[in-house]
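The lines below spell out each chain.
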Amino acid sequence: MKRVELHIVLSWLVALLVCSSALVSQGTSEVISGISVNNISQLNNTELEFDLFLHRSSTAWERWANGTFQLRLVGVRDDEYTDSTMSVKLVSGSSDLLQQSYKNTSALTAYVITPRVQPGRLSISIVGPDEFKDAKYVPRNDSIRLGRFHVSMLDSTHLRDTLAWVTPLDYYQANAFKIDADSMVANVKLYGANDNIEMRDQPCFGDSTNRVVRTDTFVIAARPPKCMKLDTFYTVYMGEKKVSIHWKTSCEQGVQGFILRRRIKEGLCLNPSELEFHEIRRFGTTFDPEMFAHGTGSQGFTYDLSVPDTVNYRDVIYQYELSALFFDGERRFLDTTDLYIPNAVIVRAAVFPNPVKEGDSAVIRYMIDDDVLLTAKVYDPLGKELQTLMDKKLHVRRSSTKKWTEVQDADSYTIGWSKPQEGAQGAYFVVFLAYPVDDNGVEMSRAVVKIMYVR
């Protein structure tokens, strides 16, 4: 370029800058669109997602052309923004824009969305169609979602759920619109058909008082408030010193996972340390994956732990405590629930009818608190063993509120007993012996049923 021509260009640029500066101070300002980051969700310590929205607030444009937007993760060092330590991806199906694969040799009729990691920042570039007719129409005072983006730290660096725009905005951010017939300023033709109106445009039109500075706004939604609402927390005794654990939430915003503790609340002859809470389950891949929080927003979830807890003692009341740990390190107590662990005993045994008349049979019923190895034998009035009615493992029917369980014989829920033909009139005895299924060397209880036989 010749020196004279260069001098003319420089003079024109200086005039434009002066004019633009005067425009800002004297003219009016119109926000023609807004770019916002919304719905930030921290999925775990190393992953988060966010939505990028475009809002149209002006009649100066109707179709969106393209844009480049650049953000920072607050608290992440500049040297962590590399392809080996960080990734950013578009969540499939999350954009309101029609998309196509980029080919340098063909015309664009849809949009190409390219998120990438750049030095010190995340960059999201969106290239739009070549023609006005293919560009995305956005109704005035309406918004479209440009996409939802997933950020992951590949080197296990801890992430926080806070994002910021890279500044200066008018250098790092770009936004352009398609306009078929320009209407930016009355009676002035600024752009040709299918041209782009650039974001933060500051045109200058002499000394006219109708100058307008057109800008865009850039907003990052407020950090979602922490939320942890517990609806229910309960335990169910499964028998054989095993406990199933359940809870339900209605909000889990910012919750990383749950911690479960247990202590003995009431019982005899206990070590004092047993009366203090001890941690038994905690979220974490190396600890208990089931204890991770399921949600990252205002929705709730149901937790039914597949692996039951195993306790050490019987005939005591255990207390379980549930707490939540947030991503920022806060630990919040949620609730406690109590559960009695019964002995593996026969609580009651009875015979119907009693006395038993000649020719009749009796039905023996019993009640147990836990699964047991049970034997039942019949003795005559002289103490001689006559027969074995039962010798097997029995399970409490815990799904029913009915506690009385009939003695089972094969698939039957009743067992008939009739006096042997050679038996004498008098008192017969049915002796039950119950053993815990996890320790059949210790007899936990016995019950003796007296049956009167009359002629």
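Once a new chain begins, its residue numbering starts again from 1 and follows that chain's sequence as written. Residue-level local features of this predicted model are given only where pLDDT is at least 70; pairs of side-chain atoms are given and counted only at 80 or more, and the full residue set underlies all totals for whole chains, interfaces and linings. As a convention, hydrogens and water are excluded, and side-chain values are obtained from all of the structure's heavy atoms.

**Describing the overall build of the protein chain**
So, point 1. Helix and strand content of the protein chain: two helices and 29 strands.
So, point 2. Should any heavy atoms of two residues lie within 4.5 Å, those residues are counted as being in contact. Partitioning the intrachain contacts of the protein chain with sequence separation of at least 6 by distance along the chain shows that 66% fall at a separation of at least 24.
So, point 3. Counting every atom, the protein chain has about 23600 Å² of accessible surface; 50% of that belongs to carbon and sulfur. Runs of E in the DSSP output that reach at least two residues are strands. Runs of H or I that reach at least four are helices, and both are numbered from the N terminus. Computed with a 1.4 Å probe, the accessible areas rest on the Shrake-Rupley method; for each residue, only the protein chains presented here act as cover.

**Some details on the pattern of salt bridges**
So, point 1. Any carboxyl oxygen of Asp or Glu within 4 Å of a side-chain nitrogen of Lys or Arg constitutes a salt bridge here. Tallied over the full model, the rule gives 18 salt bridges.
So, point 2. Glu321 serves as the salt-bridge partner of Arg261, at 2.8 Å between the closest nitrogen and oxygen. Residue Arg261 is found in strand 15 (residues 255–266), and its partner Glu321 is found in strand 19 (residues 316–326); the two are separated by 60 residues along the sequence.
So, point 3. Each residue gets one of three labels from its accessible area relative to the maximum for its type: buried under 20%, exposed over 50%, partly exposed in between, using a 1.4 Å probe on protein chains only. By relative accessible area, Glu321 is classed as buried at 10%.
So, point 4. A salt bridge links Asp309 to Arg262; the nearest nitrogen and oxygen atoms lie 2.7 Å apart. In this pair, Asp309 is assigned in strand 18 (residues 309–310) and Arg262 in strand 15, connecting sequence segments 47 residues apart. As far as the burial class goes, Asp309 and Arg262 line up, both buried.
So, point 5. Several salt bridges share partner residues, and in doing so they unite Glu49, Asp51, Arg145 and Arg148 into one network.

**What about the sheet that holds strand 24 (residues 372–379)?**
So, point 1. Strand order in the open sheet formed by five strands is 22-29-28-24-25, and the pairing between neighbours is mixed. At either end of the open sheet lies a strand with only one pairing partner, and these are strand 22 (356–357) and strand 25 (385–394).
So, point 2. Sheet topology places strand 24 next to strand 25; eight bridges connect them, and they run antiparallel. Residue pairing in the sheet places Leu373 in a bridge with Lys393 of strand 25. DSSP bridges decide pairing: two strands pair if at least two such bridges lie between them.

**What about the state of the cysteines?**
So, point 1. A pair of sulfur atoms, both from cysteines and within 2.5 Å, is called a disulfide here. The tally for this structure, following the rule as stated, stands at one disulfide.
So, point 2. Put simply, Cys227 and Cys251 are joined by a disulfide, and their sulfur atoms are 2.0 Å apart. Remark: Cys251 occurs in strand 14 (residues 242–251) and Cys227 occurs in the loop between strand 12 (212–220) and strand 13 (229–239); sequence separation between them is 24 residues.
So, point 3. Cys251 gets classed as buried once you look at its relative accessible area, which sits at 6%.

**Here's the deal with the sheet that holds strand 20 (residues 331–341)**
So, point 1. Strand order in the open sheet formed by four strands is 16-15-19-20, and the pairing between neighbours is antiparallel. Across the chains shown, the open sheet's two edge strands, defined by having one partner strand only, are strand 16 (278–282) and strand 20. Each adjacent strand pair in this sheet contributes to an overall mean axis angle of 25 degrees, direction not counted.
So, point 2. Where strand 15 and strand 19 come together, 10 bridges link them in antiparallel fashion. Counterpart to Phe258 in the pairing with strand 19 is Ala324. Here the axes come from fitting lines to C-alpha atoms, over the contacting stretch only for helices, and the angles between their N-to-C directions go from 0 to 180 degrees.

**Thoughts on the side chain of Thr375**
So, point 1. By the element assignment, Thr375 lies in strand 24.
So, point 2. Overall, the relative accessible area of 15% leaves Thr375 in the buried class.
So, point 3. Setting aside chain neighbours within four positions, we find Thr375 in contact with Met390, Asp391, Val431, Phe432 and Leu433.

**So, the side chain of Thr235**
So, point 1. By the element assignment, Thr235 lies in strand 13.
So, point 2. Look past the residues within four positions of Thr235 in its chain and what remains in contact with it is Val243, Ser244, Ile245, Tyr320, Thr337, Asp338 and Leu339.

**Observations concerning the confidence of the model for the protein chain**
So, point 1. Predictor confidence is given residue by residue as pLDDT, running from a minimum of 0 to a maximum of 100. Chain-level pLDDT for the protein chain is 80 on average; 79% of the residues reach the 70-or-more range.
So, point 2. Segment residues 202–207: pLDDT under 50, and 13 contacts once partners within four positions in sequence are set aside and those in other chains are kept.
So, point 3. Every residue in residues 399–413 is under pLDDT 50, and counting partners more than four places away or in other chains gives 33 contacts.

**Comments concerning the nonpolar core**
So, point 1. The set of buried Ala, Val, Leu, Ile, Met, Phe, Trp, Tyr and Cys residues whose side-chain atoms join them within 4.5 Å is what this entry labels a nonpolar core. With 39 residues, the main nonpolar core has Phe50, Leu52, Trp64, Leu73, Met86 and Leu146 as its most contacted residues.
So, point 2. If one sorts the elements of this core by residue count, strand 8 (residues 143–153) sits on top with five residues.
So, point 3. Formed by 27 residues, the second largest nonpolar core is a distinct cluster that contains Tyr237, Ile264, Ala324 and Leu334.

**Overview of the environment of Phe277**
So, point 1. Of note, Phe277 is situated in the loop between strand 15 and strand 16.
So, point 2. Using a relative accessible area of 22% as the deciding quantity, one classes Phe277 as partly exposed.
So, point 3. For the pair formed by Phe277 and Ile264, sequence separation is 13 residues and the distance between their alpha carbons is 8.0 Å.
So, point 4. Apart from residues no more than four positions distant in its own chain, Phe277 is found in contact with Arg261, Arg262, Arg263, Gln319, Tyr320 and Glu321.

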